[in-house]
Amino acid sequence: MVPGAAGWCCLVLWLPACVAAHGLRIHDYLYFQVLSPGDIRYIFTATPAKDFGGIFHTRYEQIHLVPAEPSEACGELSNGFFIQDQIALVERGGCSFLSKTRVVQEHGGRAVIISDNAVDNDSFYVEMIQDSTQRTADIPALFLLGRDGYMIRRSLEQHGLPWAIISIPVNVTSIPTFELLQPPWTFW
């Protein structure tokens, strides 16, 4: 878990007093739950970008998590229409985290979740920082472990689905520990 008093306060993004008092820092976690497809109906952990991107002002009970095509989202997206007003799932690599976030923002996405391109990464969070271009992005940008991103994409491919349905952010402090369904492949 997150050590320290400030860490416990900001364990979840969806605590408005905490966000107002402390803002977001890289060591904060944000949680989202996949609602569909059912075989990956888990609560996933992500970390927000360190020095760019927005914060979630709204809790989305059901919103599409759309894998970007191409997956690295370093230019025009062939499925950009489906990303409009939704959240994009992007893969790390090819360009900066900020560039990916801006591409999704330009396609009307509400947020971007960037998964590590190391599909065996199930425990190491990367610090997403702004590149040296002085550009900005307004939508939230989150980093997801590579194993989690891979398993979400794999499930969608197996079911022939163009997107997952998620709830984001999720307040895990209101969920009893025994009901906190985290991915079984992630070591805690």
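Residues numbered from 1 in each chain as written. Predicted model: local features only at pLDDT ≥ 70, side-chain atom pairs only at ≥ 80, totals over all residues. Heavy atoms only, no water.

The following threshold applies: UniProt positions are given in the numbering used here, feature names are shortened, and annotations may be inferred rather than shown by experiment.
Looking up the chain in an unreviewed UniProt entry gives the name Protease-associated domain-containing protein 1, with the organism given as Odobenus rosmarus divergens. The Subcellular location (unreviewed entry) field of the UniProt record for the chain holds the comment "Secreted".

### Some points on the pairing of strand β3 (residues 60-67)
Let me state the cut-off plainly: DSSP bridges decide pairing: two strands pair if at least two such bridges lie between them. Helical segments are the DSSP runs of H or I of at least four residues, strand segments are the runs of E of at least two, and each set is numbered from the N terminus.
One ladder, built from 4 bridges, connects β3 with strand β7 (residues 164-168); its direction is antiparallel. Residue pairing across strands places His64 opposite Ile165, the latter belonging to β7. The sheet contact formed by β3 and strand β4 (residues 87-91) spans 3 bridges and is parallel. Bridging across to β4, Val66 finds its partner in Ala88.

### Points about the environment of Ile129
The line we're drawing: Residue contacts are defined here by distance: any two heavy atoms, one from each residue, within 4.5 Å place the two residues in contact.
You can see Ile129 is positioned in the loop between β5 (111-115) and β6 (141-144). As a C-alpha pair, Ile129 and Phe52 span 77 residues in sequence and 7.0 Å in three-dimensional space. Those residues in contact with Ile129 that lie beyond four places of it in its chain are Lys50, Asp51, Phe52 and Phe97.

### Considering the pairing of strand β1 (residues 30-36)
Just so we agree on the cut-off: For every residue, the accessible area (1.4 Å probe, protein chains only) is compared with the maximum for its type, and the residue is labelled buried under 20%, exposed over 50%, or partly exposed between those bounds.
Most of β1 is tucked away: 6 of the 7 residues are buried. Here β1 runs beside β7; their pairing, made up of 3 bridges, is antiparallel. Considered in β7, the bridge of Gln33 is made with Ser167.

### Focus on the nonpolar core
Here is the rule we go by: Nonpolar cores were defined as sets of buried Ala, Val, Leu, Ile, Met, Phe, Trp, Tyr and Cys residues, with membership established by side-chain atoms within 4.5 Å.
Residues Phe32, Leu65, Ile87, Ile113, Ile152, Ile166 and Ile168 are the most contacted members of the largest nonpolar core, which totals 24 residues. Breaking this core down by element, the ones donating at least two residues are β1, β2 (43-48), β3, β4, β5, β6, α5 (146-159) and β7. Residues contacting Ile166, with those up to four places away along its chain left out, are Phe32, Gln33, Val34, Leu35, Tyr60, Glu61, Gln62, Ile63, Leu65 and Ile87. In terms of nonpolar packing, the next biggest core, distinct from the first, is built from 23 residues, Ala49, Val66, Met128 and Ala141 among them.

### A closer look at the confidence of the model for the chain
Detailed conclusions should not be drawn from predicted coordinates in areas where pLDDT is low. Which entries qualify depends on this criterion: Scored from 0 to 100, pLDDT reflects the predictor's confidence in each residue.
Per-residue pLDDT for the chain has a mean of 85; in total, 85% of the residues score no lower than 70. Low confidence marks residues 1-26, where pLDDT is under 50. Its contacts with residues over four positions away, or in another chain, come to 50 contacts.

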